[in-house]
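# Breakdown of the fold
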Amino acid sequence: MTPLKIAIQKSGRLNEKSVALLKNCGLNFENYKSSLISTVSNFPLEILFLRDDDIPEYVQDGIADLGIVGENVINETEVNVQYLQRLGFGKCTLKIAIPNESNLQEIHDLEGKAIATSYPVILKKYLQQNKIDATIRTISGSVEISPGLGLSDAICDIVSTGGTLKSNGLKPFAEVLSSEAILIGKDGVDRDGVVKELMQRIQSVLTAKETKYVVLNVDRSNLDTILQLLPGVKSPTIVPLAEENWVAVHTVIQERDFWEKINRLKAEGAQGIVVMPVEKIIM
Ligand code: ATP
Ligand code: ZN
């Protein structure tokens, strides 16, 4: 069988997590920094290591069947590819920001102003949708210094924590796009067979990441209350302990409920609570 090809970022913000995701899917491959291509030894897949900007086009043109890339890059390159799965990492927001001392109040105040960005395509669409006529100045790097140099009144750039904006005397003004890493496929990619198998594996890794395995001890008299707090994947496992009337409860809970649940479990008499990471959940 000819192996499928998946393109991931060679180095940069998405590289490590893309590699980790594929490895957590049980794929065995060498991750040499120098190589452009790596063969998976236990799955019919080859991994191409590319600059992120090239990934959408490579997938569109079929040089790779699949790719992992930020939504910001996909939208900016305006390619025809299919979104297969949102991957929950590489989260960032494309924002318009203005100098701290700027007196612009709302987005229509951008009318007639100059905005510097390395995302001209996305910005142009955003301005059109909001019926704003502004000048787009395309720059490839260090966009955040352009208002200080008098080159623009605002910028449109990727923001994650806002630290870069702050250190350049800028403040967020409007959100243009919120982005995360996406698994994309060539238009019309066969979603059966290998692609389906890979997507199922990715899904089980992503589900597991949101889940914790919890073991706790409880006196039988408190068991019902505890079980109401703990809906398991199907139902919790209950194991008798050596101490009379005590049982251990094993179950999984959602990471987002975690602190709230743990505090309530303690309040209802749960003891010796152990929380463990889950590697995979096969539904
Ligand atoms: P390449 O050398 O592959 O062209 P790059 O320098 O263009 O890399 P990176 O800075 O590595 O790109 O960012 C890759 C992607 O990570 C971005 O396109 C975006 O989707 C995502 N990302 C997440 N957080 C941030 C952030 N704080 N700044 C920029 N990109 C971020
Ligand atoms: Zn890039």
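Residues numbered from 1 in each chain as written. Chains lettered and ligands numbered in written order. Predicted model: local features only at pLDDT ≥ 70, side-chain atom pairs only at ≥ 80, totals over all residues. Heavy atoms only, no water.

## Looking at the environment of K125
- Among the secondary structure elements, K125 is positioned in helix α4 (residues 120-129).
- We classify K125 as partly exposed; its relative accessible area is 41%.
- With 31 residues separating them along the chain, K125 and C156 place their C-alpha atoms 13 Å apart. (Helix = DSSP H or I, 4+ residues; strand = E, 2+ residues; numbered from the N terminus. Buried < 20%, exposed > 50% of the residue type's maximum accessible area, 1.4 Å probe, protein only.)

## Some words on the sheet that holds strand β6 (residues 92-99)
- Strand order in the open sheet formed by five strands is β8-β7-β9-β6-β10, with mixed pairing between adjacent strands. A strand with exactly one partner marks an edge of an open sheet, and here the two such strands are β8 (135-138) and β10 (170-179). Across this sheet, the average inter-strand angle for adjacent strands is 30°, counted without regard to direction.
- Summarising the sheet, strand β7 (residues 114-117) and β8 pair through four bridges and their orientation is parallel. Across the sheet, the residue bridging to T117 is T138, located in β8. (Pairing = 2+ DSSP bridges. Axes fitted to C-alpha atoms, helices over the stretch in contact; angles between N-to-C directions.)

## As for the site of ligand 1
- The full set close to ligand 1 counts 16 residues, and R13, R51, D53, N72 and S160 are the nearest of them.
- The contact in question runs from an oxygen atom of ligand 1 to an N or O atom on the side chain of N72, over 2.6 Å.
- Taken by itself ligand 1 offers 630 Å² of open surface, and the protein chains cover 76% of this.
- Along the lines of polarity and charge, the residues of the shell around ligand 1 split into four nonpolar, seven polar and five charged.
- Looking at the shell around ligand 1, you find at least three residues from each of domain 1 (4-89 + 181-198) and domain 2 (92-179). (Near = heavy atom within 4 Å. Polar contact = N/O pair within 3.5 Å; in protein donor to acceptor, adjacent residues only side chain to side chain. Areas by Shrake-Rupley, 256 points an atom, 1.4 Å probe, with all protein chains shown as cover. Nonpolar A, V, L, I, M, F, W, Y, C, P; charged D, E, K, R; others polar. Domains from an automatic or database assignment.)

## Some words on the domain arrangement of the chain
- Domain assignment breaks the chain into domain 1 (4-89 + 181-198), domain 2 (92-179) and domain 3 (210-277).
- Here domain 2 and domain 3 have C-alpha centroids that lie 49 Å from each other.

## Description of the coordination of the zinc ion (ligand 2)
- Around the zinc ion (ligand 2), the protein supplies D52 (OD) and D53 (OD) as donor atoms, at distances of 2.0 to 2.1 Å.
- Bound by four donor atoms, the zinc ion (ligand 2) shows angles of 73 to 173° at the metal and therefore irregular coordination geometry.
- What makes D53 partly exposed here is its relative accessible area of 36%. (Donors = N, O, S within 2.8 Å, 3.2 Å for Na, K, Ca; no water. Tetrahedral: all angles 85-135°; square planar, octahedral: opposite > 155°, others 65-115°.)

## Things to note about the sheet that holds strand β4 (residues 66-70)
- Strand order in the open sheet made by the six strands is β2-β3-β1-β4-β11-β5, with mixed pairing throughout. Edge strands, defined here as strands with exactly one partner in the open sheet, are β2 (37-39) and β5 (81-86). Going across the sheet, the axis of each strand differs from the next one's by a mean of 30°, ignoring polarity.
- By the bridge criterion, three bridges tie β2 to strand β3 (residues 45-50) in an arrangement that is antiparallel. Residue pairing in the sheet places I37 in a bridge with L48 of β3.
- Lying on the sheet, helix α1 (residues 15-24) is in contact with β1 (4-9), β3 and β4; it crosses β1 at an angle near 145°.
- Lying on the sheet, helix α6 (residues 193-209) is in contact with β1, β3, β4, β5 and β11 (181-186); it crosses β5 at an angle near 35°. (Contact = heavy atoms within 4.5 Å.)

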